[in-house]
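Spelled out from the first residue to the last, the chains are:
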Amino acid sequence: EQDLLANTFFSDYDPPPVDGQDEYDEVAASTPDDVADSLSYVPDVSTDPDELEELQSQTEEDAANLIESLDPRNFQFFSYEDTVFGDLESGIDSLLDLIYTLDLAFRCLQALLIIKKYWSVSN
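Note that this is a predicted model, so its numbers are computed, not measured. (Residues numbered from 1 in each chain as written. Predicted model: local features only at pLDDT ≥ 70, side-chain atom pairs only at ≥ 80, totals over all residues. Heavy atoms only, no water.)

### Some remarks on the overall build of the chain
What the chain contains, in helices and strands, is 4 helices and 0 strands. For the chain, buried positions account for 2% of its 123 residues. Accessible surface, the chain as shown: approximately 12000 Å² in total, 59% of it carbon and sulfur. (Helix = DSSP H or I, 4+ residues; strand = E, 2+ residues; numbered from the N terminus. Buried < 20%, exposed > 50% of the residue type's maximum accessible area, 1.4 Å probe, protein only. Areas by Shrake-Rupley, 256 points an atom, 1.4 Å probe, with all protein chains shown as cover.)

Below is the structure:
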């Protein structure tokens, strides 16, 4: 019954080898060299502290040169002046004042028309 279940549901399952430590050790040993080759800054095999220190100082110089070559901008470039928001607020206030004035004129006109209508009917 257990073989039937395994053959039915797990027929394409291919388990990894139980003792894969040797294979793992080979991959683990080659990984630092592969990463070093990919980075191209780190030497393939180097345990000499002087070489590593020289490499570190060269990398720091390269980074410093890169930073100096970038386009310098101060943070004022990314911020707005206060007058922009003041002008915007003033414009909105002026628009609201115009709308209120037009509304008041419309209501006064409507009131005058109603008064005229009833005045003419009462005579």
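### Topic: the confidence of the model for the chain
Looking at the chain, pLDDT values average 75 and 62% of them are 70 or higher. The element-level mean pLDDT for the chain is lowest in helix α1 (residues 2–9), coming to 68, with helix α4 (residues 82–122) highest at 90. (pLDDT = per-residue confidence, 0-100.)

### Examining a nonpolar patch on the surface
Nonpolar side chains collect at one region of the surface, where V84, F85, L88, I92, L95, L96, L98, I99, Y100 and L102 lie side by side and expose about 1000 Å² of accessible area between them. By the secondary structure assignment, Y100 is in helix α4. Relative accessible area serves as the criterion here: at 57%, Y100 is assigned to the exposed category. (Patch = residues over 30% accessible without salt bridge, like charges linked within 9 Å, V, L, I, M, F, W, Y side chains within 5 Å. Salt bridge = Lys/Arg side-chain N within 4 Å of Asp/Glu carboxyl O.)

### Points about a negative patch on the surface
On the surface, a cluster of negative charge is made up of D19, D22, E23, D25 and E26. Tracing the backbone through its elements, the reader meets E23 in helix α2 (residues 21–39). (Lys, Arg positive; Asp, Glu negative; His and termini not counted. Charge placed at Lys NZ, Arg CZ, Asp CG, Glu CD.)

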